[in-house]
Amino acid sequence: MRGVATGLKGWGHIPALAWTFAFFVLPLIAMLLMSVSERIGGKITLTWTLANYQAFLTKAEGTFVGALVNSIEVTVLTTILSILVAYPLAYILAYRIPRQWQRLVLVLTVLPFWTSYVIRSYSWLLVLSENGIINQFLLGLGVLDQPIGMGNSRFATVLGFVHFFAMLLTLTIYANLVQIKESYRKAAADLGANPWQAFWHVTLPLSLPGVAVGAFLTFVLAIGDYITPQILGGSKELLLPQAVMLQLGRQADFPLASALSMVLMLVVTAAFLLSARHLKMGRV
């Protein structure tokens with residue numbers, strides 16, 4: 001029986017590997033092969049060409065490169081602002097709210113995010129419109145003489161992203177903060193550190209893994225998002241996911257769309273490699 005149990009334990013990782021291979025490795029290989037193919041006479045033929053990647057660099061005076069730059073700028077700005085919003089909230093949840101109430105507060109905080117992603121995007125578009133609540137409030141205070149359109153802009157896209165992803169970051173940072181032993185901060189206080197010094201030299205460094213995990217997840221989700229830039233950003237600024245959808249919807253150019261997607265995957269991979277050593281949530 002012990003031998004059987006040992007054998008089953010040795011094969012326990014097979015389902016996870018099979019799932020990863022079927023739903024990640026195979027689709028990635030298929031997309032890579034598609035990116036080096038051509039559409040000839042209405043048919044897609046594997047020609048092992050790099051023309052699609054050359055098109056990314058040269059087509060339409062750098063339209064695709066500009067879309068990638070826009071995506072990176074929007075995503076980095078979103079990640080930074082989300083951290084600035086999420087960290088204080090996570091800190092309050094972890095250290096200022098009694099432990100017996102923390103779960104209830106977390107549920108109440110997350111509850112609004114059960115609303116559909118699309119509905120929330122359109123809600124922000126209404127709020128930021130010329131007849132929206134923000135313009136009406138500013139007009140009522142006399143700050144504005146006439147309404148301004150804040151929708152269909154990078155500002156609207158970033159605002160929507162921060163609203164969507166700040167809670168994700170809050171949860172990952174909170175999960176790390178509650179693992180930090182109270183004795184560490186007490187030891188810092190015993191050694192003469194004031195609350196700010198204890199936070200700066202003890203709490204903040206130990207919570208950076210949670211920040212890194214949340215920031216990476218935010219980066220990955222934001223840079224590949226199509227819905228929010230399409231609804232809130234409009235057509236004033238092209239992001240790379242929108243460029244991919246244009247190739248699929250209007251041109252039916254699957255090889256070029258695959259090449260653009262592979263470029264996006266390379267950016268995500270680079271972000272992972274840069275933050276890999278911080279992507280851990282071990283107990284401290």
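Before any of the text, the structure's been laid out above.
Colleague: Can you tell me about the overall build of the protein, naming the residues and giving the values?
Modeller: Within the protein, the regular secondary structure consists of 13 helices and 2 strands. At 24 Å, the protein has a C-alpha radius of gyration far larger than the 19 Å of a compact globule built from 284 residues. Taken across its 284 residues, the protein has 36% of its residues classed as buried. Counting only contacts in the protein whose residues sit at least 6 apart along the sequence, the fraction spanning at least 24 positions is 71%.

Colleague: For the pairing of strand β1 (residues 37-40), give the residues involved together with the corresponding values.
Modeller: Bridge count for β1 against strand β2 (residues 43-46) is 4 bridges, and the pairing is antiparallel. In the strand pairing of β2, Ile 40 is matched with Lys 43. Between the end of β1 and the start of β2, which pair antiparallel, lie 2 residues, with Gly 41 showing a positive phi angle near 60°.

Colleague: Describe the packing of aromatic side chains, and please don't skip the residues or the numbers.
Modeller: Within this structure, the stated rule accounts for 9 aromatic pairs. Taking the centre distance of 5.7 Å and the plane angle of 85° together, the rings of Tyr 91 and Phe 199 count as edge-to-face. Note that Tyr 91 is positioned in helix α4 (residues 63-95) and Phe 199 in helix α10 (residues 195-223), a separation of 108 residues in sequence. The exposure class assigned to Tyr 91 is buried, which follows from its relative accessible area of 18%. Aromatic rings pair up to connect Tyr 87, Tyr 91, Tyr 95, Trp 196, Phe 199 and Trp 200 into one cluster. Over the aromatic face of Tyr 95 sits the side chain of Arg 185, whose NZ or CZ is 3.9 Å from the ring centroid.

Scoring rules and cut-offs
- Residues numbered from 1 in each chain as written.
- Predicted model: local features only at pLDDT ≥ 70, side-chain atom pairs only at ≥ 80, totals over all residues.
- Heavy atoms only, no water.
- Helix = DSSP H or I, 4+ residues; strand = E, 2+ residues; numbered from the N terminus.
- Rg over C-alpha atoms; globule rule 2.2 N^0.38 Å.
- Buried < 20%, exposed > 50% of the residue type's maximum accessible area, 1.4 Å probe, protein only.
- Contact = heavy atoms within 4.5 Å.
- Pairing = 2+ DSSP bridges.
- Phe/Tyr/Trp six-rings, centres within 6.5 Å; stacked < 30°, edge-to-face > 60°.
- Lys NZ or Arg CZ within 6 Å of the ring centre and 35° of its normal.

This is a description of form; function is not addressed.
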